[in-house]
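# Examining the three-dimensional arrangement
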Amino acid sequence: MPCRKRGRSDDRLFSLLNNGGVQRFPTGLSLTVSYVDTAAGTAGIGANYAAMPVTVYKDVPVGDTVEFAGVMFEVSDLAKRGVWLRQASK
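Residues numbered from 1 in each chain as written. Predicted model: local features only at pLDDT ≥ 70, side-chain atom pairs only at ≥ 80, totals over all residues. Heavy atoms only, no water.

Let's shift gears to the sheet that holds strand β6 (residues 42-49). Strand order in the open sheet made by the 4 strands is β4-β5-β6-β7, with antiparallel pairing throughout. Both edges of this open sheet fall to β4 (22-24) and β7 (52-61), since each of them pairs with a single strand only. Strand-to-strand twist across the sheet, computed as the mean angle between neighbouring axes with direction ignored, equals 20 degrees. Pairing of strand β5 (residues 29-37) with β6, which is carried by 8 bridges, proceeds in the antiparallel orientation. Directly across from V36, in β6, lies its bridge partner A43. (Pairing = 2+ DSSP bridges. Helix = DSSP H or I, 4+ residues; strand = E, 2+ residues; numbered from the N terminus. Axes fitted to C-alpha atoms, helices over the stretch in contact; angles between N-to-C directions.)

Below, the structure written as structure tokens:
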């Protein structure tokens, strides 16, 4: 899901809402944010495929990369409301 951040559109940047927001993809993959700890600057991000958990990342800081379905993403920003991911390669 493309999103706007700081007034700029980027097709490689998308947001995941904290606690309950689910981003679903046509392939059956869905991504969720389980928590955001703004004091520590980390978040928990998980992926499910066809309703089965496949990947869980805990305490991921801004700047780290995560992989979902063979695609690398960088955690580009986080806030109480959610996490922004940027596709690392296109």
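We are not done yet, so read on.
Per-residue confidence for the protein chain gives a mean pLDDT of 83, with 83% of residues at or over 70. Within the protein chain, the element-level pLDDT minimum falls on strand β1 (residues 3-5), averaging 44, and the maximum on β7, averaging 94. Between residues 1-8, whose pLDDT stays under 50, and residues either more than four places distant or in other chains, the model counts 19 contacts. (pLDDT = per-residue confidence, 0-100. Contact = heavy atoms within 4.5 Å.)

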